[in-house]
Amino acid sequence: MSQIKRRLESTTSLCPSCLTRIPGEYVTDDSSVYLHRECPEHGETTRKVWDSLDHWEWAKQFQPDAEFNPDGDFTVSNDHACLAVIEVTSDCNLSCSFCFASSGPGGTHRSFETVEKLLQTIVKSGGPRPIQFSGGEPTVRDDLPEIVERAGQMGFEHIQINTNGIELVEKKGYASRLSDAGVTAIYLQFDGLQSETYEAIRGVDLADLKREAVKTCREAGLSVVLVPTIVPGTNDHEMGDIVRYALENRDIVESVNFQPVAHFGRYETNDGRFSLDTAAKRLAEGFEVIEPRDLMPVPCCSAYCQSATGLLPSEQGPVPVTKFLSADLFTNISGLVDESDWMELIAKTPAGGEAACQTANCCGGDAPSLPAGADEMLDRVLPISLTGFMDADAADAGRLDNCCISVPTEDGELVPFCGYNMTTDDGEYALRNQNNWGGRPGVNEPLPIDDDAGCSVEEAEQDSSVTEAIEVTDQSASRGE
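Now for a quick tour of the structure. (Residues numbered from 1 in each chain as written. Predicted model: local features only at pLDDT ≥ 70, side-chain atom pairs only at ≥ 80, totals over all residues. Heavy atoms only, no water.)

### A short note on the environment of Cys 404
Applicable threshold: Here a helix means four or more residues in a row that DSSP labels H or I, a strand means two or more in a row labelled E, and each is numbered from the N terminus. Exposure classes here rest on a 1.4 Å probe applied to the protein chains alone. A residue is buried below 20% of its type maximum, exposed above 50%, and partly exposed in between.
By the secondary structure assignment, Cys 404 is in the loop between helix H14 (397-401) and strand S16 (405-408). You can call Cys 404 buried: its relative accessible area is 3%. Once the C-alpha coordinates of Cys 404 and His 80 are considered, the two residues, 324 residues apart in sequence, prove to be 5.5 Å apart.

### Considering the pairing of S16
In plain terms, the rule: Pairing between two strands requires that DSSP report at least two bridges joining them.
On S16, burial covers both faces: Ile 405 and Val 407 on one face and Ser 406 and Pro 408 on the other are all buried. With 2 bridges joining them, strand S5 (residues 83-87) and S16 adopt parallel strand pairing. Paired with Ala 84 across the strands is Ser 406, a residue of S16. Here S16 folds back onto strand S17 (residues 414-416), and the loop between the two strands holds 5 residues, one of which, Gly 412, carries a positive phi near 90°.

### Brief notes about the nonpolar core
A general feature of soluble globular proteins is that nonpolar side chains tend to end up buried together. Put simply, the rule reads: The set of buried Ala, Val, Leu, Ile, Met, Phe, Trp, Tyr and Cys residues whose side-chain atoms join them within 4.5 Å is what this entry labels a nonpolar core. Here, two residues are considered to be in contact whenever any of their heavy atoms come within 4.5 Å of each other.
By size, the foremost hydrophobic cluster in this structure holds 115 residues, and its most contacted members are Ile 131, Phe 133, Leu 226, Phe 258 and Met 422. Those residues within four positions of Leu 226 in sequence are excluded, and the remaining contacts are Leu 188, Phe 190, Val 214, Ile 242, Tyr 245, Ala 246, Val 253, Ser 255, Val 256 and Asn 257.

### A closer look at the packing of aromatic side chains
Each aromatic ring pair is summarised here by two numbers: the centre-to-centre distance and the angle between the ring planes. The following threshold applies: Centre distance within 6.5 Å is the pairing criterion for rings of Phe, Tyr and Trp, where only the six-membered ring of Trp is used; planes under 30 degrees apart are then read as stacked, over 60 as edge-to-face, and the remainder as tilted. Placement of a positive charge over a ring is assigned whenever Lys NZ or Arg CZ falls within 6 Å of the ring centre and within 35 degrees of the normal to the ring plane.
A complete count under the given rule lists 7 aromatic pairs for this structure. Each ring, one from Tyr 26 and one from Trp 56, has its centre 5.0 Å from the other, and the planes form 50°; the classification is tilted. Taken together, the positions of Tyr 26 in strand S2 (residues 21-28) and Trp 56 in helix H1 (residues 53-60) put the pair 30 residues apart, joining distant regions of the chain. What makes Tyr 26 buried here is its relative accessible area of 4%. You can call Trp 56 buried: its relative accessible area is 5%. Geometrically, the ring pair formed by Trp 58 and Phe 62 is edge-to-face, given 5.4 Å between the ring centres and 75° between the ring planes. Since its relative accessible area comes to 4%, Phe 62 is described here as buried. Three or more aromatic residues link up through ring pairs in this structure, and these residues are Tyr 26, Trp 50, Trp 56 and Tyr 304. A cation sits over an aromatic face here: Arg 21 above Phe 74, 4.0 Å from the ring centre.

### A look at the sheet that holds strand S3 (residues 33-39)
So the rule is basically this: Axis definition: a line fitted to C-alpha atoms, limited for helices to the stretch in contact. Angles are taken between N-to-C directions and run from 0 to 180 degrees.
Across the sheet, 4 strands lie side by side as S1-S2-S3-S4; this open sheet has antiparallel pairing. One side of each edge strand has no neighbouring strand; the edge strands of this open sheet are strand S1 (6-14) and strand S4 (43-50). Along the sheet, successive strands turn relative to each other by an average axial angle of 25°, direction set aside. As defined by bridge partners, S2 adjoins S3 across 5 bridges and the pair is classed as antiparallel.

### Observations concerning helix H3 (residues 144-153)
Operational definition: The directions from the helix axis to the C-beta atoms are what the arc is built from.
For H3, the complete set of buried residues consists of Leu 144, Pro 145, Ile 147, Val 148 and Ala 151. Along the axis of H3, the buried residues cluster in a sector spanning 160°; they form a single face. Tucked inside the fold, the buried residues of H3 contact helix H2 (112-124), strand S6 (131-134), strand S7 (159-163) and helix H5 (174-181). In the stretch just after H3, Gly 155 is the one whose phi turns positive, near 105°.

Laid out in structure tokens, this is it:
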């Protein structure tokens, strides 16, 4: 720690080698911010968590005031769960270099009955809320429309599908089936516009297919959220172009959610992770009128988990709506947004639009005064968000304890998304194992077979729908994993 000059604050952290709770400290060299900790078994660790000390201290003013139980069990409280992510399969028609689910061809599906039980867990934990069916690749399941229909029957109104888009394009009529079943948005993996980007991140050129997937969703009446995984030195230079593409397709694209790559699952440890302040800087570099601080922290889980703005199209180019807000006004307005509405608002779903409308005082109520015409602006803006998933490098037990993105487990709990997917330096899903959350025990280990699913790994591998038109390259093999 010779380079560290100053301690900023203490916290409860997790050891990156075993994910056991240990004391930690945020420290600085007066330039960047690091998380330092010492595990009795694995020794000292100091890793950078934020590139800019100045930006870190600016974001801190938006930090929510949340109680932390250092001995808690890492479950998401019923009144704080914004979005639930349900893994319906570990099977996938790609084997990407960057995959925190560690999925690929030959995985197994959870049975319809098991998925239904997970939905019931969400209902029992405070009632239906926005959900996202994920995997693996959920669209390799032929019965996904039936699962969506069942969710609708159980009262779920906002249902996203997290997908790479291959089946939407290659399986004729599938997108329309999902739309008819009740899907409200496609959460589309969209890493850029260049072939080289997909070859590096996904192992195959998907650039044209992604555009076709957006077209297919338009024809099926499915709204789209573009979800780029941003890898430094690979596609961070495309962030501005992705936003411009979204603006050009504003009729169908609801929002863009950039996800800077983190050390989850199938990704080499400590290799290229970068924080939200740097991601905001990269995005700002693509536009003359956008500054990094236009991406303001979303005060829900933590000021360091997610930041967002909205871009208002104009003849001179997109203008961030946060230009019209001071930090104090943003904080006051944020306090009027119910926690359950934050994810809806960022995605600009109908429920999110209603929440934004109420907050802007255009539907009555006692919201603070916003600039004239704010209600009209909200109809035209494109929400842009940055989500910084917490990996073992940045593991903070307080942030996990306050997480609002949950995963339902088969034992009836809602657990933090980042905790569920967090892997140790050795690729073990240690928190899953320590807390009996189920799922894959390690990056290179298979998902346990669902007894209700009625199929073996070999049968699932035979049924896995790998599109003949696309050559799947297993990048994990070339990386020695």
